[in-house]
Amino acid sequence: MALKIVKGSIDRMFDKNLQDLVRGIRNHKDDEAKYISTCIDEIKQELKQDNIAVKANAVCKLTYLQMLGYDVSWAAFNIVEVMSSSKFTYKRIGYLAASQCFHESTDVIMLTTNQIRKDLSSPNQYDTGVALTGLSCFVTPDLARDLANDIMTLMSHTKPYIRKKAVLIMYKVFLKYPESLRPAFPRLKEKLEDPDPGVQSAAVNVICELARRNPKNYLSLAPLFFKLMTSSTNNWVLIKIIKLFGALTPLEPRLGKKLIEPLTNLIHSTSAMSLLYECVNTVILCVQKLRILIEDSDQNLKYLGLLAMSKILKTHPKSVQSHKDLILQCLDDKDESIRLRALDLLYGMVSKKNLMEIVKKLMLHVDKAEGTTYRDELLTKIIDICSQSNYQYITNFEWYISILVELTRLEGTRHGHLIASQMLDVAIRVKAIRAFAVAQMATLLDNAHLLTGNTQRNGICEVLYAAAWICGEFSEHLENPAQTLEAMLRPKVATLPGHIQAVYVQNTAKLFATILKSQEGNADGTTSEETTQLMIDRLPLFVQSANLEVQERASCILQLVKYIQKLQQKDVEVAEEVSALFAGELNPVAPKAQKKVPVPEGLDLDAWINEPPSESESEDEQPKAIFTKEEPKHSRPRHTEVDEKELAKRREARKQEQANNPFYIKASPSSQKVYQDAPGVEHIPVVQIDLSVPLKVPGLPMSDQYVKLEEERRQKERAEKKKKEKKKRKEKRSGRGKKHDSGPESEEDITPAHMVDIVTEEMPENALPSDEDDKDPNDPHKALDIDLDKPLADSEKLPVRSHRAAEALKSPVEDAEAENAGPQESKKKSSKDKKEKKKDKDRKVDAGNLITSTDLLHLVSLTDGFLFFVCDIQGNLQDGSQVVVSVIFENKCSSFLKSMEFNVLDSLNSKLQRPEGSGPHDGLTVPFQLPPGVSNEARFVFTVQSIVMPQKLKGTLTFIVKNEDSSTHEKLDFKLHFTCTSYLITTPCYSDAFAKLLESGDLKSSSIRLEGVNMPFHHLLARICFHHHFSVVERIDSCASMYSRSIQGHHVCLLVKTSAQTVSIDAKCDEPTLLGNVLDEIKQTFSQC
Amino acid sequence: MMRFLLLFSRQGRLRLQKWFTPMTEREKKKIIRDMTTLVLARQPRSCNFIQWKDLKIIYKRYASLYFCLGVENQENELLALEVIHRYVELLDKYFGNVCELDIIFNFEKAYFILDEFLMGGEIQETSKQMVNRSIEASDMLQEDDSSEWYEVELFG
């Protein structure tokens, strides 16, 4: 014996400890991976030993390896073992490993509940401490629910060390189990006045965190916090409190006044910059102070100053705008973080007046910028700034277009599509600019080779997409359409991405139409004939394109052009008809338009169109619904050839309709229009832009020209105005002369250079103006928006101890209620539950009668006038021996149902999992009660040993029916049918893996034939997928391979063939009995249809 | 609330990672990769803050080690810097003139110290003395444990 122990410790001496491992890894720099894999093998050996010290050492090493990026999830169970050691040394290591490696889907977490509970109540405060620390990292909703009460008790522990940890972890518990917030809150509030400063600051932290998300519920705490703020000297706590007040003041303006004094005191007295920053941030009273921050040489303060500025900008834009110089200066900073913040600020600072100037400055930066990321950021910012609020700040769209054109010269930017969409948007919506835009785009197309130097890495060629479309669509504005057409048909175009080529091809046709039309009057038809010839010469290149879209369009247009050529040779006038192909105008549609279509009165989208189908039919329907998408859409009506007249007629009718429709938004009465109507504007001469400005030199920035022109224009305008004003003043001499001093021009004075008419994007008629699009429904903090001042109801007490069967319950509230609530259950909650699935309502079955899973959905439904229940049996993927039965109980009578007990007579093979300490024949209490008409779901876990045979289990459900005056005890018998199918789990499988599996030769085969199956093949497959949990691996014509896996890892492969009402299924599986039973079940499914 | 704390070397080798919210391995790896590339690319004498997705990243370099803290958007950056600094002070106090190797070879100690200072993404204890005291006490307990264990091994 003694020898064995000595041997054990000698062995251990030879084990590597953590230090050895680290040293070893450092010494094996060249073959680290190999070294580590031997280490992992050693660790695996160590984990197999019984000695907990060895195990702990192994787990410690694993934690280190996990940090290096190695997967150690396989050791999760060993970690739990080490956690449960009674020695603090090992427990500490175990919890550390768990906090590093566990996450919500780690399945062994389920096993830790009792261990953690034990540690929480340990007499040793450090045991409790490590448990709390560990739990804070991996708490799951289940753990939170089960342990909430224990942790709440710990908040009043005698040791402050435990109290503060318990308080902190409560926040995590609230997040995972919101129901605990109300019951735990009074105690949390108490902790704000805890004698220990650590506990106090922990409580402040947690409440701050809660209040920031839902401030209105915490207003009542303001006086308490006020007291803390004036008395506390701990800067860490003060910062949090001030932050909290920052969240509360918007809701209670009076607070602001009260806060000014203590805050200014703090600002003047504190030496801590962090505290000062927080104060300034909250009060936002002194932008000047921020200027000091930004001008500071400390980069950190500069950054924070800018950040705070952007907050002030939202409320007081005027005060920030005066610091424009400083912010622009920050754009030159070498630090990218700071530059980006400055950019954000610029976004909010632009006005009509300074937009051009700011963008000019930004363009300079674009040229200078080194990294492409920063340059791209600049580019998006420029576009953001210009396009914000519907181009509100742009007074000169020619300038904007030229800015966009200049931006196209950026090499290697990823934002080509952004520029393109801006070009399209502006050209479509600003009618006045079209002629100019078209000219610019034509130049761009002509110089396309400059952009597309390297199409592979160049995102900028997206711009050509826009250019081609604009030139085509608005070709009537083109000065020299023939030249553009030639540019668009160059062979080089074929190197562009497919979708761009497609647009090119389509738009050459539009250009072609325009040219024909313009030449129509000409007696000399050579130009049109030449153009036609050009089309016929060049288009074949695109007909050969590998891109389907390009090919299709090109060949279509080529045929059309050839036909036109024939007509031309016969001297037939064709221009009219050709251009009619592209007549009509596109209106921009708002991106949200579809969503905003209001539901007409009287239309209920949730209502059934036909009577809801009965149960069995609905199952037939479902697979159809799954597969309809796959069906090839032959049925789509072909576009019938509509002759020209008809088209014109329709167009006319549509125009008529639009004109008569009061809701049709054409050229909207946007804010811009005001300028047109405003008196006086007409007198302002619109400066004609001289287009001889060297637009043709693509290398030269020209937006500057516009800045200058714009300046001049504004000057002139001002002069004009002054003149007018003088006149006016002369007229009314008696007026107070000084008042009209023309200081710096105000926003409103700047008129746009063009009669700009920004077409609003179309919205459906009666669109609802709601703007709730941006709320995130998944925010976990939403659940914590709970009124905390309401008195606590009995039903809200935390569950003291809940049993495992109810673990996966959908709504933990019910669970909690059921265990604590007295017989007078509050009825309020019941309405909530009504949304529970109410399927299968129509199916009536006599009391106590058995419906085995005839329909193979594994539904057992019973009703006896009181209660109705449906259940669904499903294997548990994580545990090969577990089956979860979800049961939906619905109360069909008008009485209250309570004390429901679910019991099943265990067989040798299948057992109902019961909570610890209960006997093998005890029933499980259903963890809720049912008011009339309410349904709820409970899950029961069964352990199953062998899954190769189907099973039937007898069970009973007992419950009490409670009326106002009496209560009776009722009993309901049922049978649960565990089919073999219920052990299968839909698992996708790739065809190569599938082939390997079949080749391996480990599988036994078997086959069946089904006669007289009269359904389409895809329905048949869908049916197998749906009812028997298979997935299709591959399908070729009337033959398909399918795959599924059992919860114990058996592979089941099917080869399904069909010919004339006969279906043959060849199947392979590593377990012949299981396979036989599954096939029988499949046969049964089809025999019923 | 703080989301994570990472320590890594100039070469981008991770030395310590603490996640205050549960995350899958994949998410963790992605964040680690992003953080190291982002932080290591920063020029000296830049500010210590980076905006990354919806988080604020606050980092600071101490000798060869980078301390990188990810906090939620409403947090105070300077406070986060203080947190980093306080942690370094605690390490320094515990190891005595701490260096990167101390953290590599005693990485579990580094975690234990952190666990006494921060918890669940919040500051747990603002007093240095208190943190030191509880770490010492736990270590004492651990030594008791191991000596006891040796007795059992040798004479049991």
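How each quantity is defined
Residues numbered from 1 in each chain as written. Chains lettered and ligands numbered in written order. Predicted model: local features only at pLDDT ≥ 70, side-chain atom pairs only at ≥ 80, totals over all residues. Heavy atoms only, no water. Helix = DSSP H or I, 4+ residues; strand = E, 2+ residues; numbered from the N terminus. Buried < 20%, exposed > 50% of the residue type's maximum accessible area, 1.4 Å probe, protein only. Contact = heavy atoms within 4.5 Å. Areas by Shrake-Rupley, 256 points an atom, 1.4 Å probe, with all protein chains shown as cover. Core = buried A, V, L, I, M, F, W, Y, C linked by side-chain atoms within 4.5 Å. Domains from an automatic or database assignment. Pairing = 2+ DSSP bridges. Polar contact = N/O pair within 3.5 Å; in protein donor to acceptor, adjacent residues only side chain to side chain. Axes fitted to C-alpha atoms, helices over the stretch in contact; angles between N-to-C directions. Expected span 1.5 Å × (residues − 1). pLDDT = per-residue confidence, 0-100. Buried area = accessible area lost by both parts, 1.4 Å probe. Salt bridge = Lys/Arg side-chain N within 4 Å of Asp/Glu carboxyl O. Nonpolar A, V, L, I, M, F, W, Y, C, P; charged D, E, K, R; others polar. Patch = residues over 30% accessible without salt bridge, like charges linked within 9 Å, V, L, I, M, F, W, Y side chains within 5 Å. Phe/Tyr/Trp six-rings, centres within 6.5 Å; stacked < 30°, edge-to-face > 60°. Lys NZ or Arg CZ within 6 Å of the ring centre and 35° of its normal.

### Some details on the overall build of chain B
Along its length, chain B carries 5 helices and 7 strands. The secondary structure elements of chain B, listed N-terminal to C-terminal, are β-β-α-β-β-β-α-α-α-β-β-α. For chain B, with 156 residues in total, the buried portion stands at 62%. For chain B, the proportion of contacts with a sequence separation of at least 24, taken over those separated by at least 6, is 48%. Accessible surface, chain B: about 6,500 Å² in total, of which carbon and sulfur atoms supply 52%.

### Focus on the nonpolar core
When a protein is soluble and globular, its nonpolar side chains tend to lie buried together. Residues F102 of chain A together with Y87 of chain B are the most contacted members of the largest nonpolar core, which totals 272 residues. A domain split of this core shows at least three residues from each of domain 1 (1–101) and domain 2 (412–584) of chain A. Here Y87 of chain B is in contact with L5, L7, L16, F67, A110, I113, L114 and F117 of chain B, once residues within four sequence places are set aside.

### Concerning the pairing of strand β4 (residues 55–62) of chain B
Residues in a regular strand project their side chains so that they alternate between the two faces of the sheet. Residues and elements named next belong to chain B. Burial analysis of β4 places 6 of its 8 residues in the buried class, the great majority of the element. As paired elements, strand β3 (residues 49–52) and β4 share 4 bridges and run antiparallel to each other. Each bridged residue has a counterpart across the sheet, and for I50 the counterpart in β4 is I57. Taken together, β3 and the strand that follows it, β4, pair antiparallel across an intervening segment of 2 residues, in which K53 is found at a positive phi of about 50°. One ladder, built from 8 bridges, connects β4 with strand β5 (residues 65–72); its direction is antiparallel.

### Some words on the environment of N396 of chain A
All names here are of chain A. Note on placement: N396 falls in the loop between α23 (372–391) and α24 (397–407). At a separation of 3.0 Å, a polar atom in the side chain of N396 contacts the main-chain amide nitrogen of E398. In terms of polar contacts, N396 uses its side chain to reach the backbone amide nitrogen of W399, at 3.2 Å.

### Quick look at the sheet that holds strand β1 (residues 2–9) of chain B
What holds strands together in a sheet is hydrogen bonding between their backbones, with the strands either parallel or antiparallel. All names here are of chain B. Read across the sheet, 5 strands follow the order β2-β1-β5-β4-β3 without closing on themselves; strand pairing throughout is antiparallel. The strands lining the two open edges of the sheet, one partner per strand, are β2 (14–19) and β3. Each strand of the sheet is rotated relative to its neighbour by a mean of 20°, with strand direction disregarded. Summarising the sheet, β1 and β2 pair through 5 bridges and their orientation is antiparallel. Directly across from L6, in β2, lies its bridge partner Q17.

### Brief notes about helix α25 (residues 416–429) of chain A
Residue and element names in this part refer to chain A. Between its first and last C-alpha atoms α25 spans 20 Å; for 14 residues at 1.5 Å apiece the expected length is 20 Å, and the two agree. In terms of residue burial, α25 counts as a mostly covered element, since 11 of its 14 residues are buried. Where α25 is concerned, the buried positions are G416, I419, A420, Q422, M423, L424, D425, V426, A427, I428 and R429. Where the residues of α25 are buried, they touch α23, α24, α26 (434–446) and α28 (462–473).

### Digging into the confidence of the model for chain A
Residues and elements named next belong to chain A. Chain-level statistics for chain A give a pLDDT mean of 74 and a share of 72% at 70 or above. Note that residues 734–749 has pLDDT below 50 and, in this model, 15 contacts with residues that lie over four places away or in other chains. Segment residues 770–775: pLDDT under 50, and 6 contacts once partners within four positions in sequence are set aside and those in other chains are kept.

### Focus on unusual backbone geometry
With phi around 60°, H1029 of chain A is a residue other than glycine that occupies positive phi space. Its location among the elements puts H1029 of chain A in the loop between α42 (1017–1028) and β12 (1031–1036). By relative accessible area, which is 13% here, H1029 of chain A ends up buried. Positive phi is not limited to glycine here, since K53 of chain B has a value of about 50°. By secondary structure assignment, the location of K53 of chain B is in the loop between β3 and β4. Owing to a relative accessible area of 57%, K53 of chain B belongs among the exposed residues under this scheme.

### Some words on the interface of chain A and chain B
Counting residues at the interface gives 69 residues for chain A and 67 residues for chain B. Approximately 6,400 Å² of surface area, both sides summed, lies buried where chain A meets chain B, with 55% of it carried by carbon and sulfur atoms. Ranking the residues of chain A by area buried against chain B places M67, R92 and W236 of chain A at the top, with a combined share of 13%. Inspection of the region where chain A meets chain B yields 8 salt bridges. One salt bridge in this structure joins D139 of chain B and R92 of chain A, with 3.1 Å as the shortest N-O distance. Counting across the chain A and chain B interface gives 25 residue pairs in polar contact (both at pLDDT 80 or more). When its residues are assigned to classes, the side of chain A that touches chain B shows 28 nonpolar, 20 polar and 21 charged.

### Here's the deal with the pairing of strand β7 (residues 935–944) of chain A
Residue and element names in this part refer to chain A. With 8 of 10 residues buried, β7 lies mostly within the body of the structure. Pairing of strand β3 (residues 882–891) with β7, which is carried by 9 bridges, proceeds in the antiparallel orientation. For V887, the partnering residue across the bridge sits in β7 and is A938. Pairing analysis gives 3 bridges linking strand β5 (residues 910–912) to β7, with the strands arranged antiparallel. By the bridge assignment, L912 is partnered in β7 with F942.

### Focus: a nonpolar patch on the surface
Taken together, the side chains of F77, M110 and L111 of chain A make up a nonpolar region of the molecular surface, amounting to roughly 300 Å² of accessible area. Summarising the element assignment, L111 of chain A is placed in helix α7 (residues 109–120).

### Points about the packing of aromatic side chains
In total, this model carries 20 aromatic pairs over all chains according to the counting rule given. Ring centres of F226 of chain A and F245 of chain A lie 6.4 Å apart, and the angle between their planes is 80°; this geometry places the pair in the edge-to-face category. Separated by 19 residues along the polypeptide, F226 of chain A in helix α13 (residues 222–231) and F245 of chain A in helix α14 (residues 235–248) bring together distant segments of the chain. For the pair formed by F226 of chain A and F245 of chain A, the shared burial category is buried. Plain terms: the ring middles of Y59 of chain B and Y66 of chain B are 6.5 Å apart, the flat faces sit at 45° to each other, and that makes the pair tilted. With relative accessibility at 7%, the residue Y59 of chain B sits in the buried group. Taking relative accessible area as the criterion, Y66 of chain B reaches 6% and is therefore assigned buried. Here the guanidinium or amino end of R92 of chain A rests over the ring plane of F112 of chain B, the centre of that ring lying 3.8 Å away.

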